[in-house]
Amino acid sequence: MALEHALLVALSERPASGLELTRRFERSLGFFWHATHQQIYRVLARMEADGWVGVEVVEQEGRPDKRVHTPSTEGRRVLAEWLATPMPMETFRSELAVKLRGASYGDRAALASNLLAARADHATRLAHYEELEREQFPDPADLDGAGLDQWLVLRGGIRLERFWIDWITDYLHAHAKD
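Since we're looking at a predicted model, the values are computed, not measured.

Analysis parameters
Residues numbered from 1 in each chain as written. Predicted model: local features only at pLDDT ≥ 70, side-chain atom pairs only at ≥ 80, totals over all residues. Heavy atoms only, no water. Phe/Tyr/Trp six-rings, centres within 6.5 Å; stacked < 30°, edge-to-face > 60°. Helix = DSSP H or I, 4+ residues; strand = E, 2+ residues; numbered from the N terminus. Buried < 20%, exposed > 50% of the residue type's maximum accessible area, 1.4 Å probe, protein only. Polar contact = N/O pair within 3.5 Å; in protein donor to acceptor, adjacent residues only side chain to side chain. Contact = heavy atoms within 4.5 Å. UniProt positions renumbered as here; feature names shortened; annotations may be inferred.

## Concerning the packing of aromatic side chains
Here the structure, examined in full by the defined rule, presents five aromatic pairs. Between Phe 163 and Trp 167, the ring centres sit 5.5 Å apart and the planes meet at 35°, which makes this aromatic pair tilted. On the criterion of helical spacing, the pair formed by Phe 163 and Trp 167 is a turn pair, its members being four residues apart in helix α7 (residues 145-174). With relative accessibility at 25%, the residue Trp 167 sits in the partly exposed group. Counting every residue linked through ring pairs, the aromatic cluster contains Phe 92, Phe 163, Trp 164 and Trp 167.

## Concerning the side chain of His 69
If you trace the backbone, His 69 turns up in strand β2 (residues 66-71). Separated by 3.3 Å, the side chain of His 69 and the backbone oxygen of Arg 67 make a polar contact. When near neighbours in sequence (up to four residues on either side) are disregarded, His 69 contacts Leu 11, Pro 15, Ala 16, Ser 17, Gly 18, Leu 44, Val 53, Gly 54 and Val 55.

## With respect to the UniProt feature "domain: Transcription regulator PadR N-terminal" (unreviewed entry) in the protein chain
Look at the UniProt record and you will see "domain: Transcription regulator PadR N-terminal" (unreviewed entry) annotated at residues 7-81. Counting secondary structure, residues 7-81 comes out at 52% helix and 16% strand; the distance between its end C-alpha atoms is 15 Å.

Here is the structure:
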């Protein structure tokens, strides 16, 4: 997947300026696909040059004009083609997994301290996801279309954070006697 595809999804949900996209990435898509604001602006410019997005210039009082991006017909075609392309099986690449496997060859107490901090970070993110779910999707049974897709991705994030918390907890408990 390229950042272009993530941006096309975000712009299909709601047209936006580069700044608005950056903020949305920080609050939602960025949990699953990281991009800096420089990357977003650079890719948006390339997408505009390639004809994947159209731009509407919106005048603002007391501030520079805002450039609102919307997927073009070509951009919607590219997105639909990408969505229909088979994807490879997700790979699991984890520094944590390698450190857990190699813990016997180093300072297990230092690793345990880092694991406690990592577990706390995952618990914080889990709480954030669960709060988003309560606020944005109070009645998931009534969802369909894009709203249902967004909720299901959020549910996947919740399950992923629970996985990390459970795995780290299992490891710490198994080595509590060390």
